[in-house]
Amino acid sequence: MISEKIQNILNEQINKEFYSAYLYLAMSAHFDEMGLKGFADWTKIQAREEVDHGMILFDYIIERQGRVSLKQIEMPEENFGNPLEVFEKIYSHEKYVTDSINCVANMTDEECDLATRYFINWYISEQVEEEANVDDIIKKLKIFGSEKAALYHLDKELGNREYKPHSYNS
Ligand code: FEO
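An account of the accompanying structure is given in this report.

Calculation criteria
- Every chain is numbered independently, its residues counted from 1 as its sequence is written.
- Per-residue local features are limited, in this predicted model, to residues with pLDDT of at least 70; the limit for side-chain atom pairs, both in listing and counting, is 80 or more; totals at the level of whole chains, interfaces and linings are taken over all residues.
- To get the side-chain values, take all heavy atoms of the structure and skip hydrogens and water.
- Counting from the N terminus, the helices are DSSP H or I runs at least four residues long and the strands are E runs at least two residues long.
- Multiplying one less than the number of residues by 1.5 Å gives the expected span of a helix.
- Polar contact criterion, stated in full: a pair of N or O atoms within 3.5 Å, where within protein one must be able to donate a hydrogen and the other to accept it, and residues adjacent in sequence count only if both atoms are side-chain atoms.
- Axes here refer to lines fitted to C-alpha atoms; in helices the fit is confined to the stretch in contact. Angles between the N-to-C directions go from 0 to 180 degrees.
- Handedness of a crossing follows from how the near helix is turned relative to the far one, being left-handed for an anticlockwise turn of less than a right angle and right-handed for a clockwise one.
- By the convention used here, residues are in contact when the closest approach between their heavy atoms is within 4.5 Å.
- Definition used for salt bridges: Asp or Glu carboxyl oxygen within 4 Å of a side-chain nitrogen of Lys or Arg.
- The nonpolar core is taken to be a set of buried Ala, Val, Leu, Ile, Met, Phe, Trp, Tyr and Cys residues, with the residues joined through side-chain atoms within 4.5 Å.
- Burial classes: relative accessible area under 20% of the type maximum marks a residue as buried, over 50% as exposed, and values in between as partly exposed (1.4 Å probe, protein chains only).
- Side-chain rings of Phe, Tyr and Trp, where Trp is taken by its six-membered ring, are said to pair if the distance between their centres is within 6.5 Å; with planes under 30 degrees apart they count as stacked, over 60 as edge-to-face, and otherwise as tilted.
- Two thresholds decide whether a charge sits over a ring: the Lys NZ or Arg CZ must be within 6 Å of the ring centre and within 35 degrees of the ring normal.

**Here we look at helix H3 (residues 83-110)**
Here's step 1: In this model, H3 (28 residues) spans 41 Å end to end at C-alpha, consistent with the 40 Å of a helix rising 1.5 Å per residue.
Here's step 2: Two or three places before Leu-84, at the start of H3, stands the capping residue Asn-82, its side-chain oxygen 3.1 Å from that residue's backbone nitrogen.

Dropping the structure here:
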């Protein structure tokens, strides 16, 4: 069984992951309006992965005989700017999520909860990958983003992303 402190921080993390899904969905709609289908698909897939992140936490709390408590999801903004500005917002949001996951890890240490510490390691690695992927796209946008032909090719490249479901215990 998990402690109340761990249960609360994991429930807060569920909310952050579902908010992330909302944020990426809003960005996807924004890219779709701009006619950037590949960027829209990339962010829509990211939204699905964020739902998976939330569901993995949901399943874990239940497996550890905790109580899931779903909080209200904040409304995301709707005006994101050009592709570089959107990806800079994504990077800053993912850094915030990384800090949040680090706080969960820190609390598992304080509570001597080794099982949750082991569980949360997956999220720590996932954040490293997410920040690196976004940083890579930001670098490309900084170099080529103002050239229409390059943006067209980057849109095609991002459109190749495939959704790979994540789930707990599988
Ligand atoms: Fe689930 Fe993008 O952090």
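**Considering the packing of helix H2 (residues 37-63) against helix H5 (residues 148-158)**
Here's step 1: Remark: H2 packs on H5, axes separated minimally by 7 Å, with the N-to-C direction vectors making an angle of 35 degrees. Every pair of crossing elements has a handedness; the one defined by H2 and H5 is left-handed. Counted together, Lys-37, Gly-38, Phe-39 and Trp-42 of H2 and Leu-151, Leu-154, Asp-155 and Leu-158 of H5 form the full contact between these two elements.

**What to know about the pattern of salt bridges**
Where charged atoms of side chains with opposite charge meet at close range, the side chains can pair.
Here's step 1: The final tally for this structure, using the stated rule, is nine salt bridges.
Here's step 2: Linking Asp-32 and Lys-37 is a salt bridge whose minimum nitrogen-to-oxygen distance equals 3.1 Å.
Here's step 3: Here the salt bridges do not stand alone but share partners, grouping Asp-136, Lys-140 and Glu-157 into one network.

**Topic: the nonpolar core**
Here's step 1: Of all hydrophobic cores here, the largest spans 23 residues; its most connected members are Phe-39, Trp-42, Phe-87 and Ile-90.
Here's step 2: Of all the secondary structure elements, the ones that give two or more residues to this core are helix H1 (4-34), H2, H3, helix H4 (114-144) and H5.
Here's step 3: Of the residues forming this core, the biggest block, seven residues, is contributed by H1.
Here's step 4: In contact with Phe-39, other than residues within four places in its own chain, are Phe-31, Pro-83, Phe-87, Leu-141, Leu-151, Leu-154, Asp-155 and Leu-158.

**Here we look at the packing of aromatic side chains**
Here's step 1: The full count for this structure, using the stated rule, is seven aromatic pairs.
Here's step 2: Between the aromatic rings of Phe-39 and Phe-87, the centroid separation amounts to 6.0 Å while the plane-to-plane angle is 70 degrees, which identifies the pairing as edge-to-face. Pair noted here: Phe-39 is in helix H2 and Phe-87 is in helix H3, with a separation of 48 residues, a long-range link. Each member of the pair, Phe-39 as well as Phe-87, carries the same accessibility label: buried.
Here's step 3: Here Arg-48 stacks its cationic end above the ring of Tyr-163, 3.8 Å away from the centre of that ring.
Here's step 4: The ring centre of Trp-42 lies 4.5 Å from the NZ or CZ of Arg-161, which sits over that ring.

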